[in-house]
Each structure stands twice: as C-alpha cells, then as structure tokens.
Number of protein chains: 2
Amino acid sequence: MTKLGCPMNLAEHTELERALGERLATSGFRFTSQRRHVYDALLQTLDHPTADDVFMRTKRQMPDISHATVYNCLAALVHCGLVRQVQLQRGATRYCPNMERHCHYCCDECGTIFDVTMPAETPTMPSPKGFQVDHYEIAVHGLCANCAGLRKK
Amino acid sequence: MTKLGCPMNLAEHTELERALGERLATSGFRFTSQRRHVYDALLQTLDHPTADDVFMRTKRQMPDISHATVYNCLAALVHCGLVRQVQLQRGATRYCPNMERHCHYCCDECGTIFDVTMPAETPTMPSPKGFQVDHYEIAVHGLCANCAGLRKK
DNA sequence: TCAATAATTGGAATTATTCTAAATAAGGCC
DNA sequence: GGCCTTATTTAGAATAATTCCAATTATTGA
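Residues numbered from 1 in each chain as written. Chains lettered and ligands numbered in written order. Predicted model: local features only at pLDDT ≥ 70, side-chain atom pairs only at ≥ 80, totals over all residues. Heavy atoms only, no water.

A. The arrangement of the protein's contact with DNA strand D in detail. Lining the immediate environment of DNA strand D, one finds 19 residues, of which Tyr-71 of chain A together with Thr-32, Arg-35, Thr-69 and Asn-72 of chain B sit closest. Of all DNA strand D atoms lying within 4 Å of any protein atom, the proportion belonging to sugar or phosphate reaches 79%. Interatomic distance of 2.8 Å between a side-chain N/O atom of Arg-35 of chain B and a phosphate oxygen of DNA strand D. In this structure, a phosphate oxygen belonging to DNA strand D sits 3.2 Å away from a main-chain N or O atom of Ser-66 of chain B. Looking at the surface near DNA strand D, the elements with two or more residues in it are α4 (67–79) of chain A together with α2 (33–44) and α4 (67–79) of chain B. Top element by residues in the surface near DNA strand D is α4 of chain B. It accounts for 4 residues. For the surface near DNA strand D, the per-class residue count stands at 8 nonpolar, 6 polar and 5 charged. (Near = heavy atom within 4 Å. Polar contact = N/O pair within 3.5 Å; in protein donor to acceptor, adjacent residues only side chain to side chain. Helix = DSSP H or I, 4+ residues; strand = E, 2+ residues; numbered from the N terminus. Nonpolar A, V, L, I, M, F, W, Y, C, P; charged D, E, K, R; others polar.)

B. Summary view of the sheet that holds strand β3 (residues 102–107) of chain A. Taking strand neighbours across the sheet as the criterion, the 6 strands line up as β4(A)-β3(A)-β5(A)-β5(B)-β3(B)-β4(B) in an open arrangement whose pairing is mixed. Since the sheet does not close on itself, it has two edges, and those belong to β4 (113–117) of chain A together with β4 (113–117) of chain B, each with one partner. Averaged over all pairs of adjacent strands, the angle between their axes in this sheet comes to 25°, without regard to strand direction. Bridge analysis of β3 of chain A against β4 of chain A gives 5 bridges, and the strand direction is antiparallel. Pairing of Cys-103 of chain A across the sheet is with Val-116 of chain A, part of β4 of chain A. (Pairing = 2+ DSSP bridges. Axes fitted to C-alpha atoms, helices over the stretch in contact; angles between N-to-C directions.)

C. Inspection of the interface of chain A and chain B at higher detail. Chain A puts 41 residues into the contact, and the matching count from chain B is 41 residues. Note on chain A versus chain B: buried area summed over both sides is about 3100 Å², and carbon and sulfur give 61% of it. At the boundary of chain A with chain B, the tally comes to 0 salt bridges. One can count 14 residue pairs in polar contact (both at pLDDT 80 or more) joining chain A with chain B. The set of elements that each furnish at least two residues to the side of chain A that touches chain B consists of β3, β4, β5 (132–143) and α5 (145–152) of chain A. Top contributing element to the side of chain A that touches chain B by residue count: β5 of chain A, with 12 residues. Its residues assigned to classes, the side of chain A that touches chain B comprises 25 nonpolar, 10 polar and 6 charged. Sheet topology places β5 of chain A next to strand β5 (residues 132–143) of chain B; 11 bridges connect them, and they run antiparallel. In the strand pairing of β5 of chain B, Ile-138 of chain A is matched with Ile-138 of chain B. (Contact = heavy atoms within 4.5 Å. Buried area = accessible area lost by both parts, 1.4 Å probe. Salt bridge = Lys/Arg side-chain N within 4 Å of Asp/Glu carboxyl O.)

D. Up close: the pattern of salt bridges. The final tally for this structure, using the stated rule, is 12 salt bridges over all chains. Here the residues in one salt-bridge network are Glu-15, Arg-18 and Glu-22 of chain A, joined through shared partners.

E. Main features of the nonpolar core. Counting residues in each nonpolar core, the largest one holds 26 residues, and the members touching the most others are Cys-103, Tyr-105 and Met-125 of chain A together with Cys-103, Tyr-105 and Met-125 of chain B. Of all elements in the fold, only β3, β5 and α5 of chain A together with β3 (102–107), β5 and α5 (145–152) of chain B reach the threshold of two or more residues within this core. (Core = buried A, V, L, I, M, F, W, Y, C linked by side-chain atoms within 4.5 Å. Buried < 20%, exposed > 50% of the residue type's maximum accessible area, 1.4 Å probe, protein only.)

F. Geometry of the relation of the copies chain A and chain B. The transformation that overlays chain A on chain B combines an axial shift of 0.0 Å with a rotation of 180°, and the residual RMSD is 0.1 Å. Considering both components of the superposition, the chain copies are consistent with a two-fold axis. Considering only C-alpha atoms, the part of chain A nearest the rotation axis is Ile-138 of chain A, at 2.3 Å. Interface overlap between copies is the fraction of interface residues in one copy that are interface residues in the other; for chain A against chain B it reaches 100%, indicating a shared surface. (Least-squares fit on C-alpha atoms with pLDDT ≥ 70 in both.)

Honestly, it's all geometry; don't read function into it.
What follows is the structure, encoded as structure tokens:
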C-alpha cells in the first residue's frame, strides 16, 4: 500500500492491520488478506459505497476477489463493529466505516449521503417493554444544496 | 367491504375513500379501485408489510391485481403523503400508513417493527450547507423482549 | 508440519423491483 | 350518457442485489 493516493503511511497501515486482526479475532473471525483489502477500500473513500462499489475497488488491488467474498467480508466487518451498514433508500445496502456518533443526511435526488456528527444528547425515548437497544440510526431525507438549486429552475 | 373482520363501518369507509380520492387528486393521481384496496390492506394490519405482503393481502379482495400495480399504488400513496416507506434492514422495503410523528424499534432477530410515538422535540442538528430537509427517519435497532429472552438461554 | 475447519471461489439460484407494450378504465367535455 | 384523452393496469420479461452451494484453498493451533 505505498501506491499513489493512499492516505496512510506504512506505519499507520501496519497498525491498522494489527487492530483489524485483533477485532476480527475477538469476534471469532480469521484475518485474511481479502478482509484487509475490503476494509482498506472502505477507508480510502468515505462515500458510503454499495457492496458492488467495494467489489470493484477491491478488485483493483486484488483482481481475483469474488463478489461472494466481498459480501462475506463486509458482513464480518459489520459483525465485529468496524463498519456500519446503512439502508437509506430502496436498493443496495451501503457501508460506512465511520463509527463515530453521527447521522446521515441523504439527498433523495442524487443519492449522496453526508455524515453529520451528532451532539452526544441522550434522547430518552420510551422503548417497547423489554426491548434491548443495540444502536440508533438517524437519517434525514431531503435535497442537497446542488439538487435543491437545480429543481428551482 | 362489509366482510367479517373489517374494522370499519360503512360510513367511516366512505369517508376514508373520499379523503383518499382527494389526496390522490391533489398530487395529480387518479382514484382507482386498486389504490383503494391497497390502501385498505395497509390500514387493516399495521404491521409494516412488504410490497409482497400487501400484494397477497390485496389479492384476497381483488384476485386479479398484479404485482406491478401494487408497486405503482404504493408509490402513489407514498408520493401523496399517506404512507411512509421504511427501509430498516437489507431486503424488501416496508410500508407504514401511520403518518404520526414516530420512530421505529426494529428487532434485528425476528424483524418485528414497533412504532413508538415521539415527543415533539426539535433536535437542532447542523445540516450540511444548503440541505433542504424533507423528513426524518429514526430507527432503533436491537432485540425485542421475546428474542432477547430466547437468546439468554 | 499437519490436521481441523474457516474462508474463498465461480456460478447458479433466489429475491426484490422495474420495465414494457398492449389492454383497460377514469375523468372531463359535449 | 357517450366519447376522447391519457393515466393506469396487466402479465411477463428483464434487471439488480444478494444468498446459496459444493469444491478448493488458506489460516490457526497443536
């Protein structure tokens, strides 16, 4: 990963790799180079890609990777808490390696998704009796500045 | 619609029908019996059905309705603001005719979705510059009481 | 190094949705 | 009420997204 355009230096990368291996192991997954490359692909462009986007990006570094493996890797990453799965519109699921507290602004016209870091308020909502909360997903739908502008004309 | 199990009497039904026709017209849609039956199916069981669920339910009253029509009707209802489209997990889109301010508690084990009415607080979040907000979607993922109990064993 | 088993692979299968072109039905107008 | 225009419906084909499968390969622990 010393390719042009890679936003990490070697030391950072090795560290990330170690952390990834650890996380995978904790959830009972093995460390494989496919999983590393898939995770890399996610970290390099933070644009909420679909599984197919990730497949195509990973293929550049690893031409023999298969579709099924990308799905498997993504599932593993989601399972061990390194990646969030986002389902904002009908169609392909999107993946987000930003694990900070944030919500998604989704432009229903062009499909762009913006991450917005959220204030750490605790919105005390009354859960259904006995419901065990795992995580929240807050999505704001509408039009991005660009699409809103175009529509006025 | 005087069938057994129909939770509305004739007067209420006629009123709903009138309101539906009006709503459709406002958005430039025609009133069709397919749209009425699809809307009825949604109102009769408030369980966030998929398009296919709605198709099967509507088919009981209207055996010749087609799959494509159900999709068309649902799209029309969503467009004119009578139905919300919910995308909580990978898989089929779900439909919700509850237009009150509420959020969704989603059991990731069994897929059940609970509506929880929300306090009318305005969470002032910083939108991306120029973003034109249309609506919010708040989802809480986790395990319902039943599934949480089963998992402990 | 070896054995056990988890992961990967390519392709087939499945599921969810959209598209298409012909037939039908709604709504406005006379 | 009948006619015209045009939206809607229909069945089935097409597409998109994801999962399944059985054989091969790779990882991990002993």
